Structure formats: C-alpha cells, structure tokens
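Take a look at the letters that make up each chain.
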Amino acid sequence: MKKLILAIALVTTTLTFAQNRKQEREKLTPEQQTELQVKRMTLDLDLDAKQQKDVKALLLEQAKKRTTKVEEMKSKRENGEKPTADEKYSIKNEMLNNQIEMKAKMKKILTPEQYKKWEEKRAAKKEKVEERMQKRKRTSQAN
C-alpha cells in the first residue's frame, strides 16, 4: 500500500513539474531571436560585418512573417476553425516558396564555402527535427 501511495505521489509531482515548465517558458521577440541567430551564424560561418547586417535584415523579416502567421493560426485554432485542404495546401506552398527565396538570398550574401557549410548545418538540423518527430510518434503510439 505504501509503495502504491509513493508511486502515485511521484507521478503526480512529475506531471505537475512538466506542466509548470511549459507554462514558464517565455518567448523571445523576433529581434532577440534574430540577434542570437546572427551571432551563431557569425561564429559558425565567420561572417563579416556587411554579411552580418544583410543576414540580420533577412532573418528579421522572416521572423516577423513567421510570428504573424503563428498568431493568425493560433487565433483560428482558438476559435475552433480548422484549415481546409486548400488552406493547408496554400500554407505549405507558401512555406516552400519562402524557403526557396531564403536560399536564393543566402546564396547572394554568403561565399560559396559559407553557403556550403550553411546548407550542411541546415540539413543536420532538419535530421534532428525529423528524429524528434519520429520519437514523439513512437511514444504517443505506445501510450
């Protein structure tokens, strides 16, 4: 009986801490996100001052677009609206167009060596995200 009570208490406290952690997370502004991203890229790719300025402008523009889209989608979700198949298609199409545009602009800003390294980093990051998604799928299917 004592073990059962201890197990229930342990599970309850664990769930409580997990919920608190999600609620306490504060979002960075698009400007803050951009500043950190530019600094990381400067360290990774050894950007010069002009490249930093150009990349910062590009990333800030993207972050602001993304923030407005997220807010728009969040408000629709709160109102109980689900996107139709056509809306999903247009959202994905727009996202892919933005990625193509981003690659073209980065190619103009970066040197060929920097661009190659940037592409490799993006591919590695994408792999990590896909691994996490697969892991989440497996754990949700197990429950």
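The paragraphs below set out a description of the structure included in this document. (Residues numbered from 1 in each chain as written. Predicted model: local features only at pLDDT ≥ 70, side-chain atom pairs only at ≥ 80, totals over all residues. Heavy atoms only, no water.)

1. Focus: the nonpolar core
Thought 1: Ranked by size, the top nonpolar core spans 13 residues in total, and within it Met 41, Val 55, Met 106, Leu 110 and Trp 118 carry the most contacts.
Thought 2: Contributions of two or more residues to this core are made by α2 (30–45), α3 (49–78), α4 (85–109) and α5 (112–142). (Core = buried A, V, L, I, M, F, W, Y, C linked by side-chain atoms within 4.5 Å. Buried < 20%, exposed > 50% of the residue type's maximum accessible area, 1.4 Å probe, protein only. Helix = DSSP H or I, 4+ residues; strand = E, 2+ residues; numbered from the N terminus.)

2. Some words on the pattern of salt bridges
Thought 1: Inspection of every chain in the model, using the stated rule, returns 9 salt bridges.
Thought 2: Across the pair Lys 69 and Glu 94 runs a salt bridge, and its minimum N-O distance is 3.5 Å. Note that Lys 69 is positioned in helix α3 and Glu 94 in helix α4, a separation of 25 residues in sequence.
Thought 3: The class of Lys 69 is partly exposed, set by a relative accessible area of 29%.
Thought 4: Exposure remark for Glu 94: the relative accessible area of 36% places this residue in the partly exposed category.
Thought 5: The residue Glu 101 makes a salt bridge to Lys 105 at a minimum N-O spacing of 2.9 Å. Note that Glu 101 and Lys 105 are positioned in helix α4 at a spacing of 4 residues, about one turn of the helix.
Thought 6: It is possible to trace a salt-bridge network through shared partners that takes in Lys 69, Glu 72 and Glu 94. (Salt bridge = Lys/Arg side-chain N within 4 Å of Asp/Glu carboxyl O.)

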